[in-house]
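# Structural characterization, general
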Amino acid sequence: MALDLAVAGSGPRKAEVQTLAPVLLMGPPPPPPIPPTTGMYLPGPPPPGVLLPRPIPLPLTREAIAHMDECRSRSLLKFISDAGIVPSPEDEQRRERVVRELGKIVMDWAKRVAYEQGRQHWITSAAVLTFGSYALGAYGPESDIDVLCVGPYIASLQHHFFVVLRHMLEGRPEVSELHSIEGAKVPLMRFKFNGISVDFPYVQLPVINAAEAIHAFDPRVLENVDGASWRCLSGVRVNRQIIQLVPNMKKFQYLLRCLKLWARKRGLHCHLLGFFAGVHLAILAAYVCRRHPNASINTLLSLFFDIFVHWPWPLPVSLLDPPALCRGPDGCPLMPIMLPCIPSEICSSSTTESTFSKIKEELGHGYALTKDTRTTDFDWSWLFAPFPYSARYKSFLRIVLSAPTAEELRDWVGWVKSRFRNLLLKLESLGAYCDPDPSEQLDHTIPEPNVVFFWGLVYRRNIRICTGSLKEDFLKSVFNNIYGKEKCAHSDIAMSIVGPPQLPKSVFDHSVYSEKLPTHMMGHQLMKQLSNVGGLFMPLAQGIWKLFLGAGCQGLDLSSSIQCK
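Residues numbered from 1 in each chain as written. Predicted model: local features only at pLDDT ≥ 70, side-chain atom pairs only at ≥ 80, totals over all residues. Heavy atoms only, no water.

### Quick notes on the overall build of the protein
- Helix and strand content of the protein: 22 helices and 11 strands.
- Looking at the protein as a whole, 48% of its 565 residues qualify as buried.
- Taking the intrachain contacts of the protein between residues at least 6 apart in sequence as the baseline, contacts between residues at least 24 apart amount to 70%. (Helix = DSSP H or I, 4+ residues; strand = E, 2+ residues; numbered from the N terminus. Buried < 20%, exposed > 50% of the residue type's maximum accessible area, 1.4 Å probe, protein only. Contact = heavy atoms within 4.5 Å.)

What follows is the structure, encoded as structure tokens:
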């Protein structure tokens, strides 16, 4: 009706309208005139053999580009807010109370240790320090709190921390699911305090008044700590440096939240499985923010993918002076990221060839989706879509960890996960690349408490993996003087090769997501741009839509897909 009214009044215009339908049947007509103030793309004729149009970019003014950037930034902030990764004020207060209570507990613990040893308990002290995403202000409602316990020289790690302090925590009604990881590079306890997960490592200072020494952060005291304590202190030192180096803390926090959500959705968020730790993402986010201090959150996220998909690894990423190629204690890391501390150190990494390949692939996927910043209606759900394991892999390594009790299972899972890198390296040596899904599943058909992992497999050559031999070889790195003898003596590991039909529904459902920008999404973006012209070109838009999508658009209600202004 709108088209009839627009052309009624002159014979030539009426004749032109009468030929519109045949033209649409023969091929797409030339794009209609566009008002100079519109910042849209209209399709031209598709190239031979290609169904989708190539957008014709119109010159954009600086003001138009800034407006698009602002719109995308607003939509991104709304997306992460709707995703539930920004904590509420009530959640912030809960976490503050947890940290305060833990500070009181460790102070009472230090006094008790001094009293039992006949020391000067009136000057003996301990303290807690927070680090990680919580201390950087970039945590979410489901994030844990990294709390460092700092004790005096009279309080040992093995007895006073893992026995005495653990017994005190077990007696608190607020504490649940407590387990110890004693043999890791960074020994710690993990538990929930009032429902909030806490990672609780220990630093032993060579002083009696540990609280006073750590708050002064005296370098003369810190340089005399042992290796494990020094690694624990690295998190606190990194946080302090990042806060000093980042020009805009608010933008950094938003960017880090986006990166953590992206890593979690795409299966890149478990350091023990060879992917990113929180400190890796924090340093990478700080690197982008330092070099582009005036960029918007939308531009910062696009630059993150642009910078690191083209990064010349193994050149280290450093927030300080440009580093040269360096080597770690175990050889050259695949993705070296430098801690912003003096002396310089490489951030601990468990990356293998398999996981490094997955990280590079996901960086490329993110870059492909975000590199074009000229549209204002970008669908962020495609960037943050769950990784489709069942659609990507035909074979999976199924790993079942079981124990007689839930308490023993927590200890067992924590320890075995810290040894998973050895299993990754073994599979790679056999000729299989792995993509380990970090999510933990439960097999209800097994009577004992259990946790199940599924690792996607890609065979680089024609091989057959014997899971019995694989398990036997892996257990050599799991069992030691503590685990398998004193602790977790009745725990077990089972391995098998399964296909996608044997995956649990929570993993299999991810197959609905496509790994590339699908054609219907591009068409949806095109129809949105065409609809902005107004009701005059609605029949033309529908005709072009049908031509480009062909038979695939049959049965689609176009009137419900296009809203005329």
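From this point, the discussion proceeds with the structure in view.
### Thoughts on the nonpolar core
- If you look at the biggest cluster of nonpolar residues, it comprises 85 residues, and the most contacted ones within it are Ile242, Phe252, Trp262, Leu301, Phe308, Leu423 and Trp455.
- Take this core: its biggest share by element is nine residues, from helix H12 (residues 278-291).
- In this structure, this core is formed jointly by two domains, domain 2 (246-322 + 333-385) and domain 3 (389-507), each of which donates at least three residues.
- By size, the runner-up hydrophobic cluster in this structure holds 34 residues, among which are Ala126, Ile154, Met168 and Phe193. (Core = buried A, V, L, I, M, F, W, Y, C linked by side-chain atoms within 4.5 Å. Domains from an automatic or database assignment.)

### Quick word on unusual backbone geometry
- Going from tryptophan 313 to proline 314, the amide bond is cis rather than trans, its omega being 10°.
- As for its placement among the helices and strands, proline 314 is situated in the loop between helix H13 (297-309) and strand E6 (338-339).
- The residue glutamate 177 is not glycine, and still its phi comes out positive at about 55°.
- Judged by relative accessible area, glutamate 177 falls into the partly exposed class, the value being 37%.
- If you check the backbone angles, asparagine 194 has positive phi at about 55° while not being a glycine.
- Considering the arrangement of structural elements, one finds asparagine 194 in the loop between strand E4 (188-193) and strand E5 (196-204).

### As for the environment of isoleucine 399
- Along the chain, isoleucine 399 falls in strand E8 (residues 395-402).
- Ignoring anything within four residues of it in the chain, the contact list for isoleucine 399 reads Phe420, Leu423, Val451, Val452, Phe453, Trp455, Ile493 and Ala494.

### Digging into the packing of helix H11 (residues 249-265) against H13
- Where H11 contacts H13, the two axes come as close as 10 Å, and the packing angle between them is 50°. It follows from the interaxial angle that H11 and H13 lie oblique. For the crossing formed where H11 meets H13, the hand is right-handed. Together, Lys251, Tyr254, Leu255, Cys258, Leu259 and Trp262 of H11 and Ile297, Leu300, Leu301, Phe304 and Phe305 of H13 make up the contact between the two elements.
- Its residues assigned to classes, the contact of H11 with H13 shows 10 nonpolar, no polar and one charged. (Axes fitted to C-alpha atoms, helices over the stretch in contact; angles between N-to-C directions. Parallel < 35°, antiparallel > 145°, perpendicular 65-115°, else oblique. Left-handed = near helix turned anticlockwise from the far one by under 90°. Nonpolar A, V, L, I, M, F, W, Y, C, P; charged D, E, K, R; others polar.)

### Observations concerning the packing of aromatic side chains
- Here the structure, examined in full by the defined rule, presents 26 aromatic pairs.
- Considering the side-chain rings of phenylalanine 308 and tryptophan 313, the 6.5 Å spacing of their centres and the 25° angle between planes classify their relative orientation as stacked.
- Exposure remark for phenylalanine 308: the relative accessible area of 2% places this residue in the buried category.
- On the basis of relative accessible area, tryptophan 313 is assigned to the buried category, the value being 16%.
- Members of the aromatic cluster, each reached through a chain of ring pairs, are Trp262, Phe276, Tyr287, Phe304, Phe305, Phe308, Trp311 and Trp313.
- The residue whose ring lies beneath arginine 291 is tyrosine 287, and the NZ or CZ to ring-centre distance is 3.8 Å. (Phe/Tyr/Trp six-rings, centres within 6.5 Å; stacked < 30°, edge-to-face > 60°. Lys NZ or Arg CZ within 6 Å of the ring centre and 35° of its normal.)

### Section: the side chain of aspartate 411
- Along the polypeptide, aspartate 411 turns up in helix H16 (residues 406-418).
- By relative accessible area, which is 7% here, aspartate 411 ends up buried.
- In this structure aspartate 411 touches Arg166, His179, Ser180, Tyr483, Lys487 and Cys488, once residues within four positions along its chain are discounted.

### Focus: helix H7 (residues 157-170)
- Within the span of H7, buried status applies to His160, Phe161, Phe162, Val164, Leu165, Arg166, Met168 and Leu169.
- Buried residues belonging to H7 abut helix H5 (89-116), strand E2 (145-151), strand E3 (175-181), E4, E5 and H16.
- Capping the start of H7 is the job of one residue whose side-chain oxygen sits 3.5 Å from the backbone nitrogen of histidine 159: serine 156. (Polar contact = N/O pair within 3.5 Å; in protein donor to acceptor, adjacent residues only side chain to side chain.)

### With respect to the pattern of salt bridges
- Taken as a whole and assessed by the stated rule, the structure comprises 20 salt bridges.
- Glutamate 70 is the salt-bridge partner of arginine 74, the closest N and O atoms lying 2.8 Å from each other. Taken together, the positions of arginine 74 and glutamate 70, both in helix H4 (residues 62-82) and four residues apart, correspond to about one turn of that helix.
- Among the residues examined, arginine 74 registers a relative accessible area of 47% and is labelled partly exposed.
- Using a relative accessible area of 45% as the deciding quantity, one classes glutamate 70 as partly exposed.
- Here the salt bridges share partners, and the residues they tie into one network are Glu101, Lys104, Arg172 and Glu174. (Salt bridge = Lys/Arg side-chain N within 4 Å of Asp/Glu carboxyl O.)

### Side note on the UniProt feature "domain: Poly(A) polymerase RNA-binding" (unreviewed entry) in the protein
- Taking the UniProt record as the reference, the feature "domain: Poly(A) polymerase RNA-binding" (unreviewed entry) is found at residues 391-429.
- Taken end to end, residues 391-429 comprises 64% helix and 21% strand; its first and last C-alpha atoms sit 25 Å apart. (UniProt positions renumbered as here; feature names shortened; annotations may be inferred.)

### Thoughts on the sheet that holds strand E11 (residues 492-498)
- Read from one edge to the other, the open sheet built from four strands follows the order E9-E10-E8-E11, with strand pairing classed as antiparallel. At either end of the open sheet lies a strand with only one pairing partner, and these are strand E9 (432-436) and E11. For this sheet the average axis-to-axis angle between neighbouring strands, irrespective of direction, equals 25°.
- Here five bridges tie E9 to strand E10 (residues 450-459), and the two strands are oriented antiparallel to one another. Bridge pairing in E10 links tyrosine 433 to valine 458.
- Taken strand by strand, helix H17 (residues 420-430) contacts E8, E9, E10 and E11, and its axis lies near 150° from that of E9. (Pairing = 2+ DSSP bridges.)

### Observations regarding the sheet that holds E2
- What the five strands build is an open sheet, ordered E1-E2-E5-E4-E3; its pairing is mixed. Both outer strands of the open sheet, strand E1 (127-131) and E3, are each paired with one neighbouring strand and no more. Between one strand and the next, the sheet's axes are offset by a mean angle of 25°, whatever the strand orientation.
- For E3 and E4, the ladder comprises five bridges, and the chain directions are antiparallel. Among the inter-strand pairings, serine 180 is bridged to a residue of E4, identified as methionine 189.
- In the packing of helix H10 (residues 227-245) onto the sheet, contacts are made with E1, E2 and E5, and the angle to E5 comes to roughly 120°.

### A closer look at H10
- For H10, with 19 residues, the first-to-last C-alpha span of 26 Å sits near the 27 Å given by 1.5 Å per residue.
- At leucine 233, H10 shows its maximal bend, which comes to roughly 30°.
- Within H10, burial applies to Ser229, Cys232, Leu233, Ser234, Gly235, Val236, Arg237, Val238, Asn239 and Ile242.
- Taking the backbone nitrogen of alanine 228 as reference, a side-chain oxygen 3.3 Å away marks aspartate 226 as the first, capping residue of H10. (Expected span 1.5 Å × (residues − 1). Bend = angle between axes of the 7 residues up to and from the residue.)

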